Amino acid sequence: MQVKAGPLLSKINYPADLKQYSESDLVQISQELRQYIIDVVSVNGGHFGASLGVVELTVALHYALNTPYDKLVWDVGHQAYGHKILTGRRDLFHTNRVYGGISGFPKISESEYDTFGVGHSSTSISAALGMAVASQLKGETDRQHVAVIGDGAMTAGLAFEGLNHAGIENSNVLVILNDNCMSIDPNVGALKEYLTSITISKSYNRFRDDISHVLTGLSKLGPNAHKYVKKIEKSIKGTLLKQSNLFEALNFRYFGPVDGHDVTRLAQTIKDLSAIPGPKLLHCITVKGKGFALAEKDQTKWHAPGLFDKITGEIKKSIPDKPQPPKYQDVFGHTMVELAEANDKIVGITPAMPSGSSLNIMMKAMPKRAFDVGIAEQHAVTFSAGLATQGLVPFCNIYSSFMQRAYDQVIHDVAIQKLNVVFCLDRAGLAGADGATHHGAYDIAYMRCIPNLIVSSPMNEEELRNLMFTAQQENIGPFVIRYPRGNGVMPDWKRPFKALEIGEGRKICDGEDVALLTIGHVGNFAVEACTELNSEGFYPAHYDLRFVKPLDEALLNEVFSKYKNVITVEDGSLPGGVGAAVLEFMADNNYNAQVVRLGIPDKFVDHGEQPELWAECGYDKDAIVKAVKNVAVKRVTDKMAG
Ligand SMILES: Cc1ncc(C[n+]2csc(CCOP(=O)(O)OP(=O)(O)O)c2C)c(N)n1
């Protein structure tokens, strides 16, 4: 649905149009931009609070900088809606995150203003530094390079790797720290406490005022003005900063904290900072959800609230007429508490996704035994490994795509040492509207090649519970359980626990001509497909592998002895996936069957609703029906003929 922009915003297609306005118009432009985001996101969905919080910063940046010549890099990119609207995509914004529409994150192929593709956090400083060093090598010394990074994203090791390097390269990098004290959930850790302390400290506020005073006058003083700033800074630095300011200690010049909602002052400050060479950090204080009262109040809920009524703030939820199956993540969350009540060795770990993973259920019930470690996937894995060396059983819950960050830790810290860490990979498979950066497409391929790992995937809620129960038993070794975003299939999911045999799959139904081999939730697509096929006279067999590693060899021997056609179905990449594992088994054991593999092809899949993407990739119910009909023989039974 197209939404009408306000009178000033409707004339801004690109930053050049924004620059036609005077500084005094920036407040109204910000208001109109904020309203436009509210209007569209309320009917279209998407991330919300983060973009509202940086409206003024976005306007100020595009007003003060010369984008796209100057390079503006957004961290994570979930806050870049205002940026998209001001850079040629206002009239496309209603297609944000929609199948075939624009991406919910900056994307190089979408616009020259999107300098770097994002979705995962904490890349902006390294990327901006790379651009800055390239400019230096090319002699483009007038070019600005700005990384906008949140206090949540700043907790990651990668951000510090970037700061550490930038501090010794004398290149033109401005890091804008967008400090709203929030990650998706409240931000955690000592860095957050440090940022709060410098924000409220009297000396820093005095320093801030001195600096802003000088900076405000700077543009009037002409090209040599930064010399004066240096002079003043120097006098303060010796006594106050170097010893006590983290960023100064890393050779950054620290400015702030400043009010991130004062658009005019921000624009002036950014202009002034452009005249100062070398690495700089501007500490902006903002409010996540700014300008939409409910979003300011419950910032976690309004991070990505879904559709809502923009007047009443009521979040729209369809009310089902019968009990619905739960989300897999909630089954994980509740089961954690149940298991941990019975086994005091169990602890829970999440890197900054308490509500996204539902570990918050355990954090509330057992605050001492569940840890949010910040956006720090590598640390989450090695921290879990450390816990496991001492006999604890850590359940480390990481979204499949974010686990890509911690691959070496899985191998080096957990698998080689055969430690009892349970990895619960949420959002495995195609994740939906977040798109290519967030699809959990590769975990089967990258996990199944690691020795000592058990890799599994439940077909439903009961199986998830049983896999979790199995994984926490003594000396089981490293154990991966992958499950998708969204709901399972069992409204009545809370069944008693049952230990499963490691590497044992199960037969769902016998059949003729062709066997379907599935792993995980997509097994339900096969069940639906079989129901439809049976009604049309096709009778495929169906097996749920349950384990990717070790594979159920007895089951596969049965399949290859009985069937000359095999169809594998997985919600993961075909290269290296379960189908590939089945082919390896077939070749290694001298079987000779026709194997068709359904799953995610060798390409990056864009955003859309999950069913749209399953259909695009060809492994939804219809695709399975089609694949079976291609190879199976139709039987006309008495029942059908009658
Ligand atoms: C590597 C990685 N881990 C986790 C996430 C999930 N995630 C998206 S936004 C976000 C919070 C970011 O907080 P912050 O940088 O402070 O930005 P804010 O939302 O507060 O504006 C998290 C944890 C991610 N995008 N990337």
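Quick note: structure is the one above.
In short, a report on the structure. (Residues numbered from 1 in each chain as written. Predicted model: local features only at pLDDT ≥ 70, side-chain atom pairs only at ≥ 80, totals over all residues. Heavy atoms only, no water.)

### Some words on the site of the ligand
Moving on, step 1. In the vicinity of the ligand lie 23 residues, with His78, Gly152, Met182, Lys288 and Glu377 positioned nearest.
Moving on, step 2. A distance of 2.8 Å is found between a nitrogen atom of the ligand and a backbone nitrogen or oxygen belonging to glycine 119.
Moving on, step 3. With respect to the ligand, the backbone of methionine 182 contributes an N or O atom lying 2.8 Å from an oxygen atom.
Moving on, step 4. Protein burial of the ligand: of its 590 Å² of free accessible surface, 98% is covered by the chains.
Moving on, step 5. Looking at the shell around the ligand, its residues break down into nine nonpolar, ten polar and four charged. (Near = heavy atom within 4 Å. Polar contact = N/O pair within 3.5 Å; in protein donor to acceptor, adjacent residues only side chain to side chain. Areas by Shrake-Rupley, 256 points an atom, 1.4 Å probe, with all protein chains shown as cover. Nonpolar A, V, L, I, M, F, W, Y, C, P; charged D, E, K, R; others polar.)

### Comments concerning the environment of glutamate 193
Moving on, step 1. Take glutamate 193: it is sitting in helix H8 (residues 190-200).
Moving on, step 2. Judged by its relative accessible area of 56%, glutamate 193 falls in the exposed class.
Moving on, step 3. Taking the C-alpha atoms as reference points, glutamate 193 and cysteine 181, separated by twelve residues in sequence, lie 9.2 Å from one another. (Helix = DSSP H or I, 4+ residues; strand = E, 2+ residues; numbered from the N terminus. Buried < 20%, exposed > 50% of the residue type's maximum accessible area, 1.4 Å probe, protein only.)

### Regarding the packing of helix H17 (residues 377-389) against helix H19 (residues 407-415)
Moving on, step 1. At a closest axis distance of 9 Å, the pairing of H17 and H19 adopts a crossing angle of 10 degrees. The orientation of H17 relative to H19 falls into the category roughly parallel. Between H17 and H19, the contacting residues are Gln378, Val381, Thr382 and Ala385 on the first element and Gln409, Val410, Asp413 and Val414 on the second.
Moving on, step 2. Partitioned by chemical class, the residues of the contact of H17 with H19 number four nonpolar, three polar and one charged. (Axes fitted to C-alpha atoms, helices over the stretch in contact; angles between N-to-C directions. Parallel < 35°, antiparallel > 145°, perpendicular 65-115°, else oblique. Contact = heavy atoms within 4.5 Å.)

### A look at the sheet that holds strand E7 (residues 370-372)
Moving on, step 1. Pairing is mixed in the open sheet, where seven strands are placed in the order E7-E6-E8-E9-E11-E10-E15. Each edge of the open sheet carries a strand with a single partner, namely E7 and strand E15 (547-549). Across the sheet, the axes of successive neighbouring strands diverge by a mean angle of 20 degrees, strand direction being ignored.
Moving on, step 2. Strand direction decides the pairing type here: strand E8 (residues 393-399) and strand E9 (residues 422-426), joined by five bridges, are parallel. Looking at the pairing, phenylalanine 395 lines up with valine 422 of E9. (Pairing = 2+ DSSP bridges.)

### A closer look at the pattern of salt bridges
Moving on, step 1. Taken as a whole and judged by the stated rule, the model has 28 salt bridges.
Moving on, step 2. Here arginine 465 and glutamate 338 are joined by a salt bridge, their closest N and O atoms 2.9 Å apart. Placement of the pair is arginine 465 in helix H21 (residues 461-471) and glutamate 338 in helix H14 (residues 328-342), with a sequence separation of 127 residues.
Moving on, step 3. Connected through salt bridges with shared partners, the residues Lys84, Arg89, Glu110 and Asp114 form a single ionic network. (Salt bridge = Lys/Arg side-chain N within 4 Å of Asp/Glu carboxyl O.)

### Quick word on the nonpolar core
Generally speaking, a soluble globular protein has its nonpolar side chains buried in company with each other.
Moving on, step 1. In terms of nonpolar packing, the biggest core is built from 53 residues, with Phe48, Leu57, Leu61, Ile176, Ile270 and Leu282 touching the most fellow members.
Moving on, step 2. When residues of this core are assigned to their parent elements, the largest contribution, eight residues, is made by helix H2 (residues 26-44).
Moving on, step 3. Apart from residues lying up to four places away in sequence, leucine 57 is in contact with Val148, Ile176, Gly260, Leu266, Ile270 and Cys284.
Moving on, step 4. Residues Val373, Val414, Leu555 and Val566 belong to the second largest nonpolar core, which totals 50 residues. (Core = buried A, V, L, I, M, F, W, Y, C linked by side-chain atoms within 4.5 Å.)

### Side note on the packing of aromatic side chains
Moving on, step 1. In total, this model carries 22 aromatic pairs according to the counting rule given.
Moving on, step 2. The interplanar angle of 85 degrees and the centroid separation of 5.3 Å between the aromatic rings of phenylalanine 48 and phenylalanine 292 together place this pair among those described as edge-to-face. On the criterion of sequence distance, the pair formed by phenylalanine 48 in the loop between H2 and helix H3 (49-53) and phenylalanine 292 in the loop between strand E5 (280-285) and helix H13 (293-297) is long-range, its members being 244 residues apart.
Moving on, step 3. Looking at phenylalanine 292, the relative accessible area reads 8%, which means it is buried.
Moving on, step 4. Here the aromatic rings of phenylalanine 469 and phenylalanine 497 are separated by 5.2 Å at their centres, their planes lie at 5 degrees, and the arrangement is stacked. Taken together, the positions of phenylalanine 469 in helix H21 and phenylalanine 497 in the loop between strand E11 (479-482) and strand E12 (506-509) put the pair 28 residues apart, joining distant regions of the chain.
Moving on, step 5. Among the aromatic side chains, those forming a connected cluster through ring pairs are Phe48, Phe292, Trp302 and Phe308.
Moving on, step 6. For arginine 143, the ring lying beneath its charged end belongs to tyrosine 69, and the centroid distance is 4.1 Å. (Phe/Tyr/Trp six-rings, centres within 6.5 Å; stacked < 30°, edge-to-face > 60°. Lys NZ or Arg CZ within 6 Å of the ring centre and 35° of its normal.)

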